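Summary of structural features
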Amino acid sequence: DPVSVNEELSKLIKVYPNPANEFVTVDFSQLSENEIVLKLIDSSGKMVLSRELLQSENAEITIDLSKVDNGIYFMRLIDTSNGSGIGTLRFIKME
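Residues numbered from 1 in each chain as written. Predicted model: local features only at pLDDT ≥ 70, side-chain atom pairs only at ≥ 80, totals over all residues. Heavy atoms only, no water.

1. Section: the sheet that holds strand β7 (residues 85-93)
- The strand order across the open sheet built from four strands is β4-β3-β6-β7, with neighbouring strands paired in antiparallel fashion. What marks the edges here is a single partner per strand, and that holds for β4 (47-54) and β7. Here the average twist between neighbouring strands, direction ignored, is 20°. (Pairing = 2+ DSSP bridges. Helix = DSSP H or I, 4+ residues; strand = E, 2+ residues; numbered from the N terminus. Axes fitted to C-alpha atoms, helices over the stretch in contact; angles between N-to-C directions.)

2. As for the pairing of strand β2 (residues 23-27)
- For β2, the buried fraction is high: four of the five residues fall into the buried class.
- Across three bridges, strand β1 (residues 14-16) lies against β2 in antiparallel orientation. Bridging from a neighbouring strand, Val15 pairs with Val26 of β2.
- Taken together, β1 and the strand that follows it, β2, pair antiparallel across an intervening segment of six residues. (Buried < 20%, exposed > 50% of the residue type's maximum accessible area, 1.4 Å probe, protein only.)

3. Quick look at the environment of Ile72
- Positionally, Ile72 belongs in strand β6 (residues 71-79).
- As for Ile72 and Met94, which are separated by 22 residues in sequence, their C-alpha atoms are 8.8 Å apart.
- Sequence-distant contacts of Ile72, that is, excluding residues within four places in its chain, are made with Ile41, Asp42, Ser43, Arg90, Phe91 and Ile92. (Contact = heavy atoms within 4.5 Å.)

4. Looking at the sheet that holds β2
- Taking strand neighbours across the sheet as the criterion, the three strands line up as β1-β2-β5 in an open arrangement whose pairing is antiparallel. Each having just a single partner strand, β1 and β5 (60-64) make up the two edges of the open sheet. On average, adjacent strands in this sheet sit at an angle of 20° to one another, irrespective of strand direction.

5. Section: the packing of aromatic side chains
- The tally for this structure, following the rule as stated, stands at one aromatic pair.
- Between the aromatic rings of Tyr73 and Phe91, the centroid separation amounts to 5.9 Å while the plane-to-plane angle is 25°, which identifies the pairing as stacked. Residue Tyr73 is located in strand β6, and its partner Phe91 is located in strand β7; the two are separated by 18 residues in the primary sequence. You'll find Tyr73 and Phe91 in the same group, each marked buried. (Phe/Tyr/Trp six-rings, centres within 6.5 Å; stacked < 30°, edge-to-face > 60°.)

Pasting the structure below:
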């Protein structure tokens, strides 16, 4: 379910600032999975971004939100080694 928010995951992954404006930073250094796909989904269920994250490269990324409308977004994280969903986090974009 892309809209259920995983409370345990929010302890392992930090998404800030929230609410976000131009950029949002995702810190996934506490995750044990090595390869993760991050999907950014808007409140209507449309995927607006998909990005592969490699733990070995950097445990923190910044996502440019300048072309994304204001609203509630969900970050769905998927373990690429087995295709299972790790969880979903929520943040708000507003200017």
